[in-house]
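# Chains, contacts and geometry: an overview
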Amino acid sequence: MFKLPEGMERVWLMRAKGMREVEIAEAQGISRQAVNKALKDAREKLFENFLGIAEVFSFEVIRINVEKGFMIANAKIGSEVKRAYFFYIPKIGVRAFFEDSEFPDYLLEHAIKLGLAKNLSKDELLQRIEI
Amino acid sequence: MKLENVRPMNFSGIPFALVVIAFPLIIILPRAMSEVWWPLWILGWLILSASWGTGVGIDGSLIVLKYVFGKLKIRIPFGEIEEITALSKLLARYFKWEIALFVICIIYAFFDLITMPRELLKGYYFGDIGLIIFGLFYIFAFILPFSRRILVGILAYLFILPILLYQKTGNITGDDISMFMVLAAILGFAILDIYGKDYILIRTKKDVYLLTCRSADNVIKTVLKVAQNVQTA
């Protein structure tokens, strides 16, 4: 299962929560260049992973946001097209949800931490990440 | 590697600055300096043409956007990209300055139309009316997704044309109707052009770029695949 390396994930998460690179560097006791490199690598790995999923399942990519770690895609199931949402959740990895599935609390709490939503509400989260 | 049928739009950075320079040269200055209007007008069109994107390529782990007849290359490092999105409509929230430019054009044209004397040739009025019509159209295009209802709405709003002209001249002739038809045809092409394409938005920490293409999904997957192959090689 895909997961970012621990240190990289920590830096990525801090950035996803809105911290500036210089603040992350201070908090982690590393150089700003190291933060920049970790973020660049994290973005590339997330892109790679999301693209891999879209390729394997022939999903149509609508949006990949590696800053906050999510992908929106259209999944063709028989004659029906369903919206699919993929989230990278630290320590867990990538989780997928269809538009009509329940969104668990841990996902909604993660979305609140990243500023993707303000309440534990699936509708609000989808409204904010949809284009 | 060149990406076929993909063009960068002039909505950000230097290309947009060229658009901002071109607009007064094409629209405002030729009227203000009526004796030497044509060199300014030609220069304006030249600058506007230079702002149009000519192609998109991938060079190593860089996405290269080409402008100014291929002479200006804007390089986006793959690792700097925070988001790639396929758009079904142009998004106002990402391109506020473009909307501001169109709003300025509409206000200018409207003000010019109101203050213009009544006895002039109708071509003068058509210039301003055309600007208002196309300015409004592009603002709609930034806000509204494509649908048949929107298409009908846009065509219906063409009725502003004769109303504006009648307000100014007090009559509508057969020639005017021919002119309306020409403007309607140009607007029809603009609708096909704007709504017939897919759009891809690439956002980095520093800027937002917009590409047009035939299939956003194919282009997104190609860009990501090529960039990743380069990095893992």
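Position numbers for residues start from 1 in each chain and track the written sequence from start to end. In the order they appear in the text, chains get letters beginning with A and ligands get numbers beginning with 1. Local features are withheld for residues below a pLDDT of 70 in this predicted model, meaning they are given only at 70 or higher, and side-chain atom pairs are given and counted only at 80 or more; totals for whole chains, interfaces and linings count all residues. The side-chain quantities take in all heavy atoms of the structure and omit both hydrogens and water.

### Here we look at the sheet that holds strand E5 (residues 72-77) of chain B
All names here are of chain B. The test is simple: Any two strands are treated as partners once DSSP identifies two or more bridges connecting them. Every helix listed is a DSSP run of H or I at least four residues long, and every strand listed is a run of E at least two residues long, numbered separately from the N terminus.
Judged by pairing direction, the sheet is antiparallel, and its four strands sit side by side in the order E1-E3-E4-E5 without closing on themselves. Among the strands making up the open sheet, the edge pair consists of strand E1 (2-3) and E5. Pairing analysis gives six bridges linking strand E4 (residues 62-67) to E5, with the strands arranged antiparallel. Looking at the pairing, Ile-63 lines up with Ile-76 of E5.

### Looking at helix H5 (residues 122-129) of chain A
Here is the rule: Each residue gets one of three labels from its accessible area relative to the maximum for its type: buried under 20%, exposed over 50%, partly exposed in between, using a 1.4 Å probe on protein chains only. Residues count as neighbours in contact if any of their non-hydrogen atoms are within 4.5 Å of one another.
Along H5(A), the positions that sit buried rather than exposed are Glu124(A), Leu125(A), Leu126(A) and Ile129(A). Those residues of H5(A) that are buried lie in contact with strand E1 (60-65), strand E2 (70-77), strand E3 (80-89) and helix H4 (105-113) of chain A.

### Examining the sheet that holds strand E2 (residues 7-8) of chain B
Our working rule: Between N-to-C directions, angles cover 0 to 180 degrees, with each direction set by a line fitted to C-alpha atoms, over the stretch in contact for helices.
Taken together, the eight strands give an open sheet; going across it, the order is E4(A)-E3(A)-E2(A)-E1(A)-E6(B)-E7(B)-E8(B)-E2(B), and neighbouring strands pair in antiparallel fashion. Each end of this open sheet is capped by a strand with a single partner; those strands are strand E4 (93-98) of chain A together with E2 of chain B. In this sheet, E2(A) lies alongside E1(A) in antiparallel orientation, the contact comprising five bridges. Opposite Val61(A), over in E2(A), you have Ala73(A) as the bridge partner. The sheet strands contacting H5(A) are E1, E2 and E3 of chain A, and the helix crosses E3(A) at an angle near 95°.

### Brief notes about the packing of helix H4 (residues 122-143) of chain B against helix H6 (residues 160-169) of chain B
Residues and elements named next belong to chain B. Here is the rule we go by: Crossing handedness: left-handed means the near helix sits turned counterclockwise from the far one by under a right angle, and right-handed means the same turn made clockwise.
Viewed as axis vectors pointing N to C, H4 and H6 meet at an angle of 145°, and their least axial separation amounts to 10 Å. With respect to the hand of their crossing, H4 and H6 are arranged in right-handed fashion. Contacts between H4 and H6 involve Lys-122, Tyr-125, Phe-126, Ile-129, Ile-132, Ile-133 and Leu-136 from the former and Ile-160, Leu-161, Leu-164, Leu-165, Lys-168 and Thr-169 from the latter.

### Here's the deal with the interface of chain A and chain B
For clarity, the cut-off: Defined here as a combined quantity, buried area equals the accessible surface (1.4 Å probe) lost by two parts on assembly, summed across both. For this document, the term salt bridge refers to a Lys or Arg side-chain nitrogen within 4 Å of an Asp or Glu carboxyl oxygen. Note on residue classes: Ala, Val, Leu, Ile, Met, Phe, Trp, Tyr, Cys and Pro are nonpolar, Asp, Glu, Lys and Arg are charged, and everything else, Gly too, is polar.
Taken together, the contact pairs 21 residues of chain A with 22 residues of chain B. When chain A packs against chain B, close to 2,000 Å² is buried across both sides, 51% of that on carbon and sulfur atoms. Interface area lost by chain A to chain B is led by Phe47(A), Leu51(A) and Ile131(A), which between them contribute 28%. For the interface between chain A and chain B, the tally reads four salt bridges. At the level of elements, helix H3 (32-56) and E1 of chain A are the ones that each hand at least two residues to the side of chain A that touches chain B. Here the side of chain A that touches chain B is composed, by residue class, of nine nonpolar, two polar and 10 charged. As judged from the three bridges shared by E1(A) and strand E6 (residues 81-87) of chain B, these two strands associate in the antiparallel manner. Bridge pairing in E6(B) links Arg63(A) to Thr85(B).

### A closer look at unusual backbone geometry
Residues and elements named next belong to chain B. Of note in the backbone geometry, Val-68 takes a positive phi value of approximately 50° without being a glycine. By secondary structure assignment, the location of Val-68 is in the loop between E4 and E5. On the accessibility criterion, Val-68 (24% relative accessible area) is partly exposed. Notably, Phe-69 is not glycine yet its phi reads approximately 55°, a positive angle. Positionally, Phe-69 belongs in the loop between E4 and E5.

### Let's talk about the confidence of the model for chain A
Short version of the rule: For every residue, the predictor states its confidence as a pLDDT score lying anywhere from 0 to 100.
The predicted model of chain A averages 92 in pLDDT, with 100% of residues at 70 or higher. At the low end of the mean pLDDT range in chain A sits H5(A), at 90; at the high end sits helix H1 (residues 6-16) of chain A, at 95.

### What about the packing of aromatic side chains?
What characterises a pair of aromatic rings is the spacing of the ring centres plus the angle enclosed by the ring planes. To be explicit about the condition: Any two of the Phe, Tyr and Trp rings considered here, Trp counted by its six-membered ring, make a pair once their centres fall within 6.5 Å; the pair's planes then place it as stacked at under 30 degrees, edge-to-face at over 60, or tilted in between.
Considering all chains together, one arrives at 12 aromatic pairs over all chains under this definition. Seen in terms of ring centroids, Phe70(A) and Phe87(A) are 6.3 Å apart; in terms of plane orientation they differ by 40°. Their pairing is tilted. Taken together, the residues span a long stretch of sequence, with Phe70(A) in strand E2 and Phe87(A) in strand E3 at a distance of 17 residues. For the pair Phe70(A) and Phe87(A), a shared accessibility class is recorded, and that class is buried. Plain terms: the ring middles of Trp41(B) and Trp45(B) are 6.1 Å apart, the flat faces sit at 70° to each other, and that makes the pair edge-to-face. Linking Trp41(B) with Trp45(B), this pair stays in helix H2 (residues 37-51), spanning four residues, or about one helical turn.

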